[in-house]
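# Observations on the three-dimensional arrangement
What follows is the residue order along each chain.
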Amino acid sequence: MNQPCRRTVTKSAVIADDDETIRSILQYKLSNAGFDLTVCHDGEAGREALNDPDADPDIVILDVMMPRLKGTQLLRTVRRGELAVDPDVPVIMLTSRGTEDDVLEGLESGANEYLTKPFSPNELLARVERLIGV
Amino acid sequence: MTVIADPSSATTAVAIPPVALTAAVVVLAASLAAVVIVTLGYSLRADRRRRRRTPIRADLRSALLDRLYGRDEPAWDEWVATLSTTERDELESLLDVYLRELRGRDADSLAELGVALGIDERARRDIADGGYWERIHALVWLALLRDAPDRSLLETHCRETPRERAAAARVLYAAETTDLATTGIELLLEAEPRSFSVFGIDTLYRVSETDPAPLFERAAADFETWEPALQQQVLLVTRHLHTVVGGADLSWVIGALSNPEPRVRSAAWRALDAYGWNRGLRADIGAGSDRIADEPAPSVRASAYRALGAWGDTEAVTALRAAAGSEPDDRARVALARALFPHWDPDGPAPGRWDPDGPAPGRENAVGSDGDAVDPFDAAWRWTSEHARFDRLARNISGARTREVTRR
């Protein structure tokens, strides 16, 4: 994958999604927008990344249904302050579970935004930039 | 073969010659060996093919994303012209995956790649000339490309089974055509299927969500002739539609409240969840009268309580409160308590306690752990209250954090 020529690393993001296609889209879109990325393949890896003492992402993007640890469970541990990362870090849930109950559960878990698949990467980026105040 | 029959016995013994037995064993063993060899052969071939294609796929993925996000113009046609047959085949597979995950401008751009690969034309040919599975496959591609073909093509070739009709309706939904609701309902309910598959129900919902009028018109005309399973499914879809139609003829839903099948009556009550605002409809239902009390099935009464809870106005709450004094079934009582709970002061007394007529049928026999008589509705109310309290606690993330910080 070619690296974007206009990349300036001033922002960072943690992505946790078990779907390779989604990861590739997010990686390309966010790295093109100048994000330094930590990419995780499941919820437990996401938990480890967010529990790193140096973890200070500007934004976290989580899938809901992941092996080993669900995105909503991971988000709850973040919001309860159980991990090293700032409990108030902006979090976007990205999932194929789009019923009203699912969206409400995601938002009640503490998500700042909830996007359902299929999704528009441009819309996602706009929401990311709004959340981190770019 | 020698058959030895004993005239005095009803049973017959058959003696098989050893040569025939040996031949049968040899044939069986040879067949088994052939199956093993063919399976192994296919597995090895598939593995070799996968190994050969993995690096090709990785390169194509990178190039695809680079063209999609890294350039002003993806120039799909030029790129596709440089690809080998294997690469095109693999690119189609990748395109299939990405089109399912993306929408908006990126999906539109990828659909142009599909056109550059000639998928749209091939799909139309397959619909016109292909067999059943080719047509289904072609419809899936057209849905992914958001490309609706001529209606005559769909109407002539895609009506063989409910699955195929649903797939055709799905193409119209994906392409957001203006005739989605009318043509979609026509395709889906043509020949009145006994019931829909999960895919069919989902498609019926999607087709009706933007404009429920054609579904309601069709149901008003034909509901009585449908199988109970189909009636239940249409009512389920009606319940979940967010688009409420003001002047729609919903007499068929009210009629379904008297259907001989309890599951249809139950679904009819839930279909009315979104129509509490419709006073005329409410008057026709007569929810405050004896309709619910006279309902013999507890599951249907439970659905009626849920509908009243969804309406949530004074009249509905009064009806629920009245029912709290007389509901004899445990599960229906819990449903009633849950329906009433959001409309009641959680710290106040249980509504059933204000029943002026004393113990009602089914309310005098329950006994608590300490041996005292327990009002059955009171028990349901306390359970609901406890459940709601724990639910609030579990969802109160910021409160949990505050408690944690205080403890530290």
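Located above this text is the structure these notes cover.
Predicted, not measured: the structure shown is a model, and the values here were computed from it.

## A short note on the interface of chain B and chain A
- Contact residues are listed per partner, giving 22 residues for chain B and 27 residues for chain A.
- Of the roughly 2200 Å² buried between chain B and chain A on both sides combined, carbon and sulfur atoms contribute 48%.
- Joining chain B to chain A, the criterion identifies two salt bridges.
- Across the salt bridge formed by E20(A) and R61(B), the nearest N and O atoms sit 3.4 Å from each other.
- Inspection of the chain B/chain A interface yields eight residue pairs in polar contact (both at pLDDT 80 or more).
- Looking at the side of chain B that touches chain A, the elements that each hand over two or more residues are helix 1 (18–69), helix 3 (85–101), helix 4 (105–116), helix 19 (376–395) and helix 20 (397–407) of chain B.
- Of the residues that constitute the side of chain B that touches chain A, the class distribution is eight nonpolar, three polar and 11 charged.

## Some details on the pattern of salt bridges
- As enumerated under the stated definition, the model contains 36 salt bridges over all chains in all.
- Ionic pairing is found between D313(B) and R279(B), a salt bridge with its closest N-O pair at 3.2 Å. Taken together, the residues D313(B) in the loop between helix 16 (298–311) and helix 17 (314–324) and R279(B) in helix 15 (residues 279–285) connect sequence positions 34 residues apart.
- What makes R279(B) partly exposed here is its relative accessible area of 47%.
- One salt bridge connects D313(B) with R282(B), and the closest N-O pair in it is separated by 2.9 Å. Of the two residues, D313(B) is situated in the loop between helix 16 and helix 17 and R282(B) in helix 15; the sequence distance between them amounts to 31 residues.
- Using a relative accessible area of 22% as the deciding quantity, one classes D313(B) as partly exposed.
- With a relative accessible area of 5%, R282(B) lands in the buried category.
- Each of E113(A), E123(A), R127(A), R130(A) and R103(B) takes part in one network of salt bridges that share partners.

How each quantity is defined
- Residues numbered from 1 in each chain as written.
- Chains lettered and ligands numbered in written order.
- Predicted model: local features only at pLDDT ≥ 70, side-chain atom pairs only at ≥ 80, totals over all residues.
- Heavy atoms only, no water.
- Contact = heavy atoms within 4.5 Å.
- Buried area = accessible area lost by both parts, 1.4 Å probe.
- Salt bridge = Lys/Arg side-chain N within 4 Å of Asp/Glu carboxyl O.
- Polar contact = N/O pair within 3.5 Å; in protein donor to acceptor, adjacent residues only side chain to side chain.
- Helix = DSSP H or I, 4+ residues; strand = E, 2+ residues; numbered from the N terminus.
- Nonpolar A, V, L, I, M, F, W, Y, C, P; charged D, E, K, R; others polar.
- Buried < 20%, exposed > 50% of the residue type's maximum accessible area, 1.4 Å probe, protein only.

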